Every structure is written in structure tokens, then in C-alpha cells.
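Summary of structural features
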Amino acid sequence: MKTKTFPHGIHPQEFKETTSNKSLQPLPAPEKVIIPLHQHFGSPAEPLVKKGDEVFMGQKIGESNSFFSACVHSSVSGKVMKIENYNHPLGNPVPAVTISNDGKDRVFPDIKEQKDPLSLNPEKIRQIVKDAGIVGLGGAAFPTAVKLSPPKDKPIDTIIINGCECEPVLTADHRLMLEYPDDIIKGAELVRIATGAKKIILGIENNKQDVYNLLQKKIYTFPLEISLLKTKYPQGAEKNLISALLKRAVPRGGLPFDVGVVVQNVGTVKAIWDAVAEGKPLYERALTVSGAGITSPKNLIVRIGSLFQNAIDYCGGLQDSANILVMGGPMMGLAQGTSDVPVIKGTSGILAWAEPEHITEHNCISCGRCVTHCPMGLVPTQLMKYSKLDYLSEAESRGIMDCVECGSCQYSCPAGIPLVHWLRVGKHKITDLKRKKSA
Amino acid sequence: MPSKSVGAEYIKGLWEENPVFRQLLGMCPTLAVTNAVINGIAMGLATSFVLILSSLVVSALKKLIPSQVRIASYIVIIATFVTIADRFMAAFFPPISKSLGPYIPLIVVNCIILGRQEAFSSKNSVGRSLIDALGMSTGFILALLVLSSIREILGMGTFLGHQVMGAWFKPWIIMILPAGAFITLGILLAVALVIESKTKTRKN
Amino acid sequence: MELITLFIAAILVNNYVLYYFLGICPFLGVSKKIDSAFSMGLAVTFVMTITAVASWMINHWILIPYNLDYLQIVSFILVIAALVQLVEMFIRKISPPLYQALGIYLPLITTNCAIMGLALLAALKDYSFAKTVVFGVGSGLGFTLAIVLMAGIREQLDLADVPEPLKGAGIALIVAGIMALAFTGFSGMIN
Amino acid sequence: MDVLIPILTMGALGLILSAGLAIAYRKLKVEEDPKVVKISEALPQANCGACGYSGCRAFAEAVVKGEAETNGCPVGGEETIAKVAEIMGVKAGEVVKKTARIHCHGDTEAAKDRGLYLGITTCYAANLTGGNKQCPYGCLGFGDCVLACPFDAIQMGGDGLPVVDEKKCTACGKCVDACPRNIIELVPLAQNMLVFCRNLDKGAAPKKACKNACIGCGICARACPEAIIMENNLAKIKDYKKIDPEKIPAIEKCPTNAIGRLFKEDEG
Amino acid sequence: MNLSARMIVVLTVVGLISGSLLAVVGMLTKDRIAFNKQQEIEAAILEVVPGTEISKEVFTEKNFTIYSGKNRDGNLIGYAVYTSGTGFQDIISLMFGTDPNVTKINSLSILEQKETPGLGAKITDKELFLRFWDNKDAGSAISLRKPAVRSQDELAPNEVNTITGATISSDKVLSIVNQSLEKLKQLKKAGKLISEENDAE
Amino acid sequence: MTNNRFILKSSPHFKGKDSVPKIMYAVILSLIPAIAASFYFFRMRALLIYLLSVSVCLITEAVFLKARKKPMHSLWDGSAIITGLLLAMTLPPSLSLDIVVIGAVVSITLGKHVFGGLGDNIFNPALVGRAFLQVAFPVAMTTWIPPVTNQINTATYATPLGNLKFQTAAIQGALTPLKDLFWGNIGGCLGETSAVALLLGAAFLLYKRAIDWRIPVGIISILTVFTGVFWLTGPDKYASPAFHILAGGLIIGAFFMATDMVTSPISPLGTWIYALGIGLLIGIIRLFGGFPEGVMFSILFMNTFVPLINRYTRPRILGERSTP
């Protein structure tokens, strides 16, 4: 079988076999959940509840009137204990609603099943998606409603469903595809309807042959194409995926819209289906708890607002040797200082393992591996130096803002230079500067 | 304008404003003719001659020359003195004149000279200009002397033509070639900077 | 054939900067960015070519017939200054974009020993008219090559951890030294 | 005859040149920023390129545009620099002498680490990963401010907090910009009382993260309400002048020493 | 006085003064410089054609001059050939002397060269290079002995020694000499040099 | 619950297995056959020069690291050892030892640390040292001894390329046989004589992917074409491409010097330009230049072009051309 792929990139060891055949199981709802009001790309939500309020499962507890935002829902039924800053996996504490779980999982009365979801009009679908607080579940947490509203002058012809799960270790999307193939396909069809696209392509890496075989056997009436991709990192990065499947290049600084494409993660389309068909807002998600530091790795469905510690405990706790805790995949995930952080919508995995406590950094010897592996065609070593020396305009003109922080450069760097960190520094400094200038 | 004492006006050319090490002026002759000490000295003297005399003339004439044609006038004045120096050397020191080749006429475009006219002589009295020119000249000769000594001793084992290194010494021919000139001057500039920063910190 | 070898020799073997040490000031001063170095190189090449022509004419039509060889220095420098001024004004009037790219380097060239050196060297070597012109163009291109290479290296060194006292002119001179070493490989090629 | 030819040649050359120049100045005069002209005149006109620009005029233009520093001409010496500066009018007209102050007392002992930080050792980089300290508001201790200071006025103290040398500090504000956590502020040199914390959280969390955190208890604000208020769980000196010296002991009853004087008055 | 006029007057005056000054300097030094040049050539001729009392240019073209050397009695004792050509780095100018019949080279003298110091520049070295040129058979082209030998005895009559490490410079000198030698022979054969000889007789 | 024992750093948290020392030691390992060959051909002389060169390089490196307050682990990253070895390999076996010391100091100082240390250098350090010596001590650097001897005989013994150039061996039909060139039974620099030993090491490096194959391929192919054209037009005047490839420093240069990652271009296209430039220059210098050998000069010359090449062969950023 011929597989499609994009130029450059890397192939790190996968470590997926530990969890790839473990089916998704729900994590029992903890006694209290802490739901941050800001879990997405865009403006934070404002709380709709106050201390002492009784809330239902699936009740909207946070909302923003900004277009670039997402609503937040309660993942349990119970009582609001406090609304205060709490640790957040993305860094600084943000306001979060702490709800004590009454254990009854009383569903919010407004939640109803939809009779014929596929007959809804695009406007309605978008509204449901927005109200359900759905964001991209691949990790970036981009508000999905925004993604489903392409500008009028940019017609969408293709929907790409991202089933790559190119990050090593993670298997939650793999399991979702195996266990809920119909939901995913129907969710994808909803996306197609919402955007007016002609065709859906589901891209799967060829390390998930079982999913491919399963989907090949099924017959849908939708304009669907299932495409096998080479197992390579970062196959699932939006722009690279588009390049691999359609040979289209998203312009620099542009979005998939610009080439008539919308990309959705499999988890997201499943959530869209759930929201439209069952009226269920996004209050839980699938994730992988794995890594050598986790006693018994699992794929879980976790309520948003459960603590990492809850999930880890359910998986047998941490090994003594584990000294790094990461949210997301090992390539792009965020190292956590504590397990006392809530699971948010963007949490695709909780990983722990033992890492050497020393990093030996050598001088860059211009071996060029970062360049040959950069999927975006950048020269990371040079950008790193620009960033280090604050040559921001040079960095910008050489494309530092095009960096997707996939980590391929740093993975392949023999000198052990924290390239991604430096590039992030440069990117943030440029954004800071622009903000300052426009202010 | 802050006026310095006569001594300070002179001294500044030796180090603080040394044309070669501090101001990076007159690099072409500095590099080209320093393969032997004798050439360096001859070049230094010729440049000094031109610098001093044109400083005198320029400072004396400063009121008469309109600013629009000052550069042209300075160039003519400088070129006149350069020609005198050139002819004089060709007449009385033919071997040196031959080994310096076109670099004596090139004094005319040495930035030190035009630079001093513009920066100093055109604004100062004849006396001050003379002292300034003397200081700059000394600084220039000094720089040439340092560079040419290093190059001649390492490159030929001689100083002013006299053998100074023992028989064991193998001359580093590179030092009298262009490459050696560049590298030596580069290192000397760095040394000058180090000395400068050391003295500065000591002052503080 | 002779002209071709002269041309190649002027660029590579007897490179203007690395062999004759002419034009060191702009070589060190304007070699921080590739773009400006390239413009400077072109400006120098251009002026060198005209200078070659003009100085040859003065030398052979005025100075030599009237036995005025001692006026070489004065007349050359004046002619160069005047020419450069003229060219600058001309370009400014004719093509402002070209002036922006090239013209701003012209004042810097007047008192540049590269130009004067060319006139003097051509006179000293007693080149024919054609040879003088070829020598002028070749030397200018040699200068351009050296300064652009230097600028490329300096742009890269800008990102390097060069020891503090060597930063700027110091390291540039050392690079020039090693470049001179590399260019040595071409010596003996003029036959 | 032998004497006449050179004299005539040179005279003619001079005549032609000057005439050409005279005409050129008439015909091709270009209106220019008078500042450029002035600076240009103040420069040595050596056109040597030592400044990195293509000649004195280009440098003058760069100075006027603000691209080049006024002291960028190495040839002219101090006089030129002074002149250029004068033309550009860069004279600091300071009224109140200010100095940089660090609003954090989270030294290595007081502030707890968030984990074993192995990233790039600058405050800016550390801040991007959420910081190396548990306190999300406090000093990260990598000394970005030290590097930013052009006057050597900030040094890293032994306790992991930067120390400002008021004598060297010129209140240029570079450190304020450099601090990713905005804990440096330019404060009048005479102001003796400061809040040494920027933490906006309440109660237990800050206390756990740092011994010296303002926990928002409000003791100081109650002691001197006319000068000190509580804002976002943090004490704030609203009006330094209204601090009643007699109330200082009460203010300094702060349980975490997050507010206090820099030096006791009697010590000078 | 208006500005333009002042500009013109000042520059013209400066030019005039400079011109007169230079005229004086030029005249003062002219003879001396010419004399220097003359002397240099005479010294070289004397070196390559020993015993010369009267020397005279008998043939000249660009970068190639033949002088005849005569003794006190006016008898032709040899020719001195001034010639130049490209060396390793730059032009090499040299002079060599022959006997009146151009059957042997008396000796060689390098007048000007810019060869690599310490290497090619050794062509000016008497011990290493020039002495091997004394009294060479000029009947056929001179050839170069490679690699270098230590003593004169090891060389054939028309062979000269090379310089270790500076083969090219030695080669260049050789080819300059050989070319000029050929030219000299041809000129001699064509009788272009005879008129001068007749003068003396 | 709060456990601040975790490591905090930026992503990615996985890393490939390669490291700078691993690459460097692979190069060192690959040099062993050639070094062994030089022990065989030049005996104790070779050992002395290698030891001296490497130890002086290490000492100089240590001094600079210390003076510039750089981490000392850099001393053992292998780069200084490589410089020492490569320098020694390009020296004549008869070279006096004080010159070896000068060369090693110059290599590390002017070749590397004036630019800021490993990674910042523009030129190949070993070649800077070698070029410095070549120009500083031209006679000592071109005095050769016959192989498989231990004696320092100042009587001139020519290298195959020297023969070709100065003795016009091609005309006389006295070219060194290819077989000798291949095995290394010829005069020349310590480590460059045995083509087979060098190729063995080069094969290892290529297998390990520690060097870019494009560089040697580019250099050798253009040299083959260039010398081949002349050889075909005049086989009695010019040596064959095979001779040019096996003789002199071409193999060591093409596989071990030009491939120095620091001083070669980053992108594949740039690498081709660089390699072709070197190959062509070698051909030109060998055939028409004043020196019998042009590998060192060609590489140094092309090193100066690398920043420009890198600038103009920058890879295209994804979506760059289609910017709306």
C-alpha cells in the first residue's frame, strides 16, 4: 500500500504498543472537579455561576461574548465551592470553578437528543458546536465554531480528519477510531455540511493499520476517502497534513482556509457528533496515561476538571523513578511541576517517565540536521541564534513565526541545544514587541 | 569647545586617539608597508611630513576657504605635499622609494590626513593644529613601528636588517606576506582594546 | 588572451584588497551587511572603470607629452574627486532608486585609496588603454568579491561568540588574513 | 615655459573644478533636513566609513532618523560627540531622581521551586514554561535585568534576588522592560517604603509558594488607610506622601514582611 | 563677493599656487631622479658585462633594451640585455650580459621583483641562485636542473640550478632569459646591432 | 499532592541518540586505518608528530576554554583531537617538531577560538594551521622523505603531484604508478599517502552518516570531469583522473576536511555548490596554478563562500511562494 507523506520530519521511537490495545475506559468522577475558565485559544470565559450554586452535569458555567472563545461546562453535578485562581497545566494560574461532586451525575435538563442530526443546516450546527464549548482536541484547543465559519471569500472544498496521532506514546485517538468509528465519520459529515465542503479525507498513519482495515470494511454514503499516511512525525501537524494529502501549501502566516481546507482532529469530530446528536457538551475527553513512570498505563475517558493525580492514581500511581510529568505528547507536551493540575480540554495525554537530570549542551556544529528535519523548511539553528541575540527583525524575516514548535529540530540536534525553547522565546518577544507597538 | 593643554593635545594622538589602533584610519599603508621596519619608518615620516605641513596650511587658510570647496582645496594642498615627499624620496632615497612603490603617492588618500584637516585643523589655530598633527604623526609612526617590528622580527628574524634572532629561529615567512599583516594587525587591535579596558577599569 | 589573464589575475591572484592592501577602509567599514557590501562593491567597480579611462587619458594625453609626471598625484586625485561628484549628481538626477542603492556610497569612494591606487598602479605598470580598462574592471570585481565574501562571513560571525576584544575590526582583519591565505592558492597562475 | 605649463594646468584644473562645483551647487541643491546638514557639518567629513555608514552624510541622516547613536562617530572624538548630541537635543531634563526597585522578596530560601528547572536560564525563557518558582508572580532569579542594565547598576545578590545600586542607576527603564514578571518599577529615590510582592492570589497558595508573599491580610491597609489600600489581594501604596510616620510600626506588623522600609531613617 | 565667485577664485588660486610649487619641486628633482635611474642601469650593466666603460642603448622596445658594453679602448666586450616578464606573483625585471658573439652568458642580475619573500624572492640570492648563472653556454637554450644540486660542478654547461621550494620563480626567470636570448641572437643575426659596432671601429 | 520533584523544561522531551561527541569520535575512529598506515610508512616520526599535534591542540583548547570560562566538557567533545589528527596527517613526515607545535597552536587559536570556539569557526581549523605553516615555512613544508624509512634525509624526494608539476612526469612518462598511489607507498604528507586506508575510514563514516556523501561525490566527480577532459585531449601532457583522485590530499580532503560540518553549507543544494567549487578549484590549481597541490587552498577558499551559499540556498519555508 502506497502511503502519502510530507517532506522532512523525523521518526522517533513510538512506544505506542503499551496502550494501543487497551480500550478506553471512563475514569470515575472525582470528589471535586476544578474547571479552569480558560482552556482554549482565545479570550477567557466569564463565570456564569457563583459560589454555592448547584450545578448539573453539562451545565454551562462559563461563557465569553468574544468570537474567539469557548464556553465551559460542568463535568459533574454538585455545588460550586469557590471560583479562584488555580494551577493550570499551561502555566500561570487562571480563575477556575471548583465543584464538589454529589456523585449523582444529574444531567442538565436542557440536554436532549437530536432526531436527525445530519439534516441540520450549517448555521444550526455551528451554534450547537459553539454552545457545546467544543475546541480542537488535538492539543491547540482552537475554538471549533470559529473553524467551522470560514470567511465568505474562501470557499472550502475539503475536510481533512486528522487521525494521525503522530505524537509518540499517545493512543487515545487510535482507540477512539477503533471504538467509535461511526460517530467520527458522522461527525466529519457534520463538519462537511457546516462548511459546505465537497469531500472528506480521513488521514491515518500506517501504524494504525487495524483502524484502516476496519474503516475500509464499512460503507458510508458520505463523500469520504480514507487515506493511509506514512508513520512520521509531525504527520498530524495541520500544514504538513494538508501538504501530504493534497499537495497544497498553506501560505506563510495563513490558515488552512486559504487553501480551501478545514482540518479537524478525530476527537473533535466525535465531540461534534456527540454535541449535535446527543446534545452533550464537551465535558469529558479521551486521553492516554502512559510512559515508563506510570505503573499501569491506560486509555481513559476523563471528566474535564479531574486532577492529573486522579488519573495517575487510577493507573496505579507513579513509579518512584519518574521525574518528569508531561501533559500531551512527548514531542510537544508541557512539563508539569505538579500533578495537582486539572485535566483541560486540550489534555491529550498524561505521561511520566524517568529523565536524566543533566542536560549536556554542546556547541552547534552546523550539521544541518535541524534544517533537514524541519517540516516547515526553516533554519532552526540560525533562528535560535537570532533569538538568543535579540535580532528579532532578522528572526522574523527568516520565518521564526512559521515555527510550529513540533520539536523535530531539537530531537535531531546532536548538540542538545534547546532549539524549540529559544524559538519560543523569539516568537514571544516578537509578539510582545508588536503588542507594545500597536498599544 | 573644551580646550586641552598642549601636552594633552599631543599625547592623545599616541594612545587615546591613536589613528591606527583606536580610530582604524590609514589601514592601507599600515598593512602594506610594514613588512620591514625601515619601510614603516619611512612611510611614517613621509606621512607625518604631509600631515604636519598640510595641517599648518589648512589651519592658516581656514577663514579664506568657503566650505563648499574646502574638500577640493584640502585635497589639492595635501596632494601638493605628497608630491613633494614623493619626489624628494625618489631623488634622495631611491631604494626606499622603490620598495614603497605606489604607497607614497597613496598618502594623498590616507584618511588620517584628510580626517585631521576636517576634524581639527579647519577649526583650530595654527599652533594647536601643529601640535595635533605632531601627536597624530607620532601615534602613526608608533603604530607602524610596532607592527613592522613584529613582522620583521618574526618574518625574517631581523630588526632594521640586523639579525636579532638566533640561528635556531626559523623565520615565519607568512609574517611578511599579506596574510601575516592582516592577522598581526587584527591581534594588535584586540590587544589594544584589552589594554584600554584594563586601564579604564583601573581608573574606576 | 593577455587581457583575460590580466582580468583573472586582478580578481583572484593579485586581489585588490588581499594582495595590494588597497581599499581597506571600506573593506572593513562597509562589510557588515551583504547588501550594502554588494552595492559598495558595484559602486567601486563602476568608479574604478571610469577612473581607469580618465586617468589613462590624462596620463597619456597631457602628463606624458608635456613631461609633467610630477603632476600625476594632484591631477589624478582631482579628476577622481570631480568624476565621483559628477557621477553622484548625475545618478541622483537620473535615477533616484539607483542613487539610493549606489550613490550613497560614492562620497565614501572619493578618498578611497582603491581608486587612487588603481590610477597610480596602471600608470606605474605602463598598461595600454585596453589593459588599463580591464585592470580597472577586474580590480573592482576583485574588490567586490572580497568585500561580499567578508560581509557574508561577518554576518555569520555576528551570531558567533567572538571574544569581546576581537569583535569588529579585529576579527575582520584576521578573517581577511585567512582569506589572503586561501587566495594564495591562485598565485603562480598568471602566465 | 617649463614652469608655465604646470602652473597653467593646475590653475585650469582648479578653475574648471570650482566652476563645475559652483554650477552643481546651484542646479542640484536638494532641500534637506537642517539637522542633517548641521550634524554633517559637525562631523569630521573624513567619509572613512568607520561608523559603519557610507560616509558622514549617511551617518548624519541615520542619527536624525534615530538609527545611529549620537556617539557613533569614532573619528571625531568627544567634541564631535558632544556637538552631535547638542544638535539632537539629547539632554536629560530629570526633575525627580528615580531608581529601579525590585518588588519581590522571594529569595532562594523564601520562594519554593516549582520543580527541577532544566530549560534556558533566562527569566524570559523560564517564564514561558511557567517559571521555575512556585510563585507565578515573583522573581525568577536568572538576572535578565542584570544583563539588560547598560550601566552595571544591577547585580545578582547571593540570595537569588537582584540588587540595584542606586548610585549607578540612571532610571533608564531597561530592566523594567526586561523583567518578564514586571516586578521592577522606577520609584522616586526618596521613597522609603515599598510593597515587596506582586502576588495577586489569596491566602494559602501564596503562603505555600513563598514565605515572604503578601497574603492579602490587609493589616497594613487597616493601619494606614489613607496611604495604603488593598487591590486584587495585594497591598498597594496609593500615596506615599500620606504615610504617617507614627503609623509605620503598625504597618510593619506585616506577618510576612511583604511591606516595609528600605532603610531605617535614623540609619540615614 | 558672491559665493560662486569666491569658490572659483579660491580653488583656482589654490591650484595655481600648488602648480607653481610643484613645478619648482619637479624641476629641482627631475635631474636627480633621472640620474638615479641612469646610475642604476649603469651599475647593472657593469655587473653583467664587467669592464664596461662606455655603454650605449643599441636596441629598445617596450620592456626590452639591449645595451652594448665597450671597454676603455672602445672595443665591444659584450651586450647587456634589460628585459622583464611575469614571475610567480608579479613582473620580474632582470638584466643579463653576454659576450660580443652571444655564445655565453656572463652573469645575471635581478633588478626588480615582487616574488614571495623567503621563497621566490630567493632569485636575488647570489649563493642560492645567481652564481649558477655565471659563464653559461648560450649556444642553445639554457635549461633548469631539477631538483636542485649543491655545486656548480654537477651542472651541465647550459644548465642552471633551481631553487628548492621556488621552482616556479626559477622557471620564470629561465624562460624570460631564454626568450630574450633568442631575440638577442636574432637581432644580432639580422645585423640590427651592427651599426653600433661599426661606430666604434 | 504537591510534589516539586519534577523536571521543568520546554518541549520536546524526546531526543535522538546522536550527540556531538558521538559524531566526532566516529570521525576519529574512521581515521585510524590511515593513521595506522602512516605508522607503517613513516614509523616513529609519525607517532611523534601525531602525539605532539594532538596534545598541543588539546592543551591550547583547554587554555582557551578556561580563559573564556566555557564548560570544560567541550575539551573532550573530540573536536580538538580531530583538529590535531587532521593537522598531523597533512604534515610532511620530516617536519621539525617545533613547527608542528606552531601549527597546532595556530589551528586552535586562529582556526577556531578567535571566532568563538567550536561551531563558530568559518574555516576548517586544521587547514588554517596547515595553510599557515605552508606559507610560513614553505621549504620545510615541501621537503619529503621516501616512505618506509625512518631517516630524515634532506635530499629532495618529490611527491607524485610534485613530480607531475615540476618534473613534468607526464611528459616523461614517469608518473607514479596508480598501484603505489592506492596502497600509499609514496612520498607525501603523513596521513594522505594511503588511499585505501583513507577510503576504508571514509566508508565507515558514510555508513554512519557522519558525513554528507554529496561533498566527496561532488568533488571527485567534477575533478574527474575536469581532469578527464584535459587528459583525453592530451594524455601525454596531462595525468589521468584516476591519478588525480588518488594522488595528494584529495581523498583526505574530500572525505575528511571538506565534510567538516561547521564549515560546510547546510542545505543539500548549497552542499553541491560547495563541493563542485572545491573540485573545480583543485583541478584548476593542480593543472594551471603555481602549487602542485590545491586541496587545502580550494577548501579554505570555498569555506569563505559558505555563509553566502547558506544565505542563498536557504530552504523554502512551507508555503513561502504562495503567500497571498
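Predicted model only: the values in this text are computed from it and were never measured.

Description of the overall build of chain D
On a plain count of helices and strands, chain D comes out with 10 helices and nine strands. Every one of the 268 residues in chain D was classed for burial, and the buried ones make up 47%. Restricting the contact set of chain D to residue pairs at least 6 apart, pairs at least 24 apart contribute 54%. For chain D, the accessible surface area stands at approximately 13600 Å², while carbon and sulfur atoms represent 55% of it.

Quick word on the overall build of chain B
Counting secondary structure elements, chain B contains eight helices and two strands. The helix and strand sequence of chain B, counted from the amino end, reads α-α-α-α-α-α-α-β-β-α. Taking 17 Å as the expected radius of gyration for a compact globule of 204 residues, we find that chain B reaches 18 Å, a close match to that expectation. The dimensions of chain B, computed from C-alpha atoms along their principal axes, are 60 × 50 × 25 Å. Expressed as a percentage of its 204 residues, the buried residues of chain B come to 60%. Considering only intrachain contacts with a sequence separation of at least 6, the fraction spanning at least 24 residues in chain B is 74%. Per element, the accessible surface of chain B, about 7500 Å² overall, is 72% carbon and sulfur. Counting 17 positive and 8 negative side-chain charges, chain B places the averaged centre of each group 2 Å from the other.

A few points about a nonpolar patch on the surface
A contiguous nonpolar patch, built from Phe39(F), Met44(F), Leu47(F) and Leu51(F) and spanning about 360 Å² of accessible area, is present on the exposed surface. Structurally, the position occupied by Leu51(F) is in helix α1 (residues 20-67).

Considerations on the packing of aromatic side chains
Note on aromatic pairs: each is described by the distance of the centres and the angle between the planes. In total, this model carries 38 aromatic pairs over all chains according to the counting rule given. Residues Tyr117(D) and Phe142(D) carry aromatic rings whose centres are separated by 5.5 Å and whose planes lie at 40° to one another, so their mutual orientation is tilted. Pair noted here: Tyr117(D) is in strand β2 (residues 116-117) and Phe142(D) is in the loop between α5 (123-128) and α6 (144-148), with a separation of 25 residues, a long-range link. Their ring planes at 50° and their centres at 6.2 Å tell us that Phe115(F) and Phe123(F) sit as a pair that is tilted.

A look at the environment of Pro65(C)
Mapped onto the elements, Pro65(C) comes out in the loop between α3 (34-63) and α4 (72-94). Ignoring any residue separated from it by four or fewer positions in sequence, one finds Pro65(C) in contact with Asn59(C) and His60(C).

Side note on the sheet that holds strand β17 (residues 349-353) of chain A
Residues and elements named next belong to chain A. Spatially, six strands are ordered β1-β14-β13-β17-β15-β16 in an open sheet, and the strand pairing comes out mixed. On the outer flanks of this sheet lie β1 (25-26) and β16 (334-336), each paired with one strand and no other. By the bridge criterion, two bridges tie β1 to strand β14 (residues 298-303) in an arrangement that is parallel. If you follow Pro 26 over to β14, its bridge partner there is Ile 301. Docked against the sheet, helix α3 (residues 172-179) engages β13 (284-290) and β14, running at close to 125° with respect to β13.

Digging into helix α2 (residues 34-42) of chain D
Residues spaced three or four apart along an α-helix face the same direction, because each turn holds 3.6 residues. Residue and element names in this part refer to chain D. Within α2, the full set of buried residues consists of Val 36, Ile 39, Ser 40 and Ala 42. Projection of α2 onto a plane perpendicular to its axis shows the buried side chains occupying an angular sector of 160°, all on one side. α2 presents Pro 34 and Lys 38 as exposed residues on the side facing more than 90 degrees away from its buried surface.

Remarks on the interface of chain E and chain B
In this complex, chain E contributes 22 residues to the contact, which on the side of chain B involves 23 residues. When residues of chain E are sorted by the area they lose upon contact with chain B, Met7(E), Leu11(E) and Pro117(E) head the list and together hold 22% of the total. Between Glu112(E) and Lys98(B) there is a salt bridge, and its shortest N-O distance comes to 3.7 Å. On inspection of chain E and its partner chain B, the count reaches six residue pairs in polar contact (both at pLDDT 80 or more). Broken down by secondary-structure element, the contributors of at least two residues to the side of chain E that touches chain B are α1 (3-48) and β5 (104-112) of chain E. The leading source of residues in the side of chain E that touches chain B is α1(E), at 17 residues. The residue makeup of the side of chain E that touches chain B, split by class, is 11 nonpolar, six polar and five charged.

Focus on the arrangement of the chains
Of all 13 pairs of chains in contact, the one with the most contacts involves chains A and F. Separated throughout, chain A and chain B approach each other most closely at a C-alpha pair spaced 22 Å apart. With no contact between them, chain A and chain E keep their nearest C-alpha atoms 36 Å apart.

Regarding the side chain of Ser107(F)
Take Ser107(F): it is sitting in helix α3 (residues 97-111). Those residues in contact with Ser107(F) that sit more than four places away from it in its chain are Thr83(F), Leu87(F), Lys112(F), Pro125(F), Ala126(F) and Gly129(F).

Rules used throughout
Residues numbered from 1 in each chain as written. Chains lettered and ligands numbered in written order. Predicted model: local features only at pLDDT ≥ 70, side-chain atom pairs only at ≥ 80, totals over all residues. Heavy atoms only, no water. Helix = DSSP H or I, 4+ residues; strand = E, 2+ residues; numbered from the N terminus. Buried < 20%, exposed > 50% of the residue type's maximum accessible area, 1.4 Å probe, protein only. Contact = heavy atoms within 4.5 Å. Areas by Shrake-Rupley, 256 points an atom, 1.4 Å probe, with all protein chains shown as cover. Rg over C-alpha atoms; globule rule 2.2 N^0.38 Å. Lys, Arg positive; Asp, Glu negative; His and termini not counted. Charge placed at Lys NZ, Arg CZ, Asp CG, Glu CD. Patch = residues over 30% accessible without salt bridge, like charges linked within 9 Å, V, L, I, M, F, W, Y side chains within 5 Å. Salt bridge = Lys/Arg side-chain N within 4 Å of Asp/Glu carboxyl O. Phe/Tyr/Trp six-rings, centres within 6.5 Å; stacked < 30°, edge-to-face > 60°. Pairing = 2+ DSSP bridges. Axes fitted to C-alpha atoms, helices over the stretch in contact; angles between N-to-C directions. Arc of directions from axis to C-beta. Buried area = accessible area lost by both parts, 1.4 Å probe. Polar contact = N/O pair within 3.5 Å; in protein donor to acceptor, adjacent residues only side chain to side chain. Nonpolar A, V, L, I, M, F, W, Y, C, P; charged D, E, K, R; others polar.

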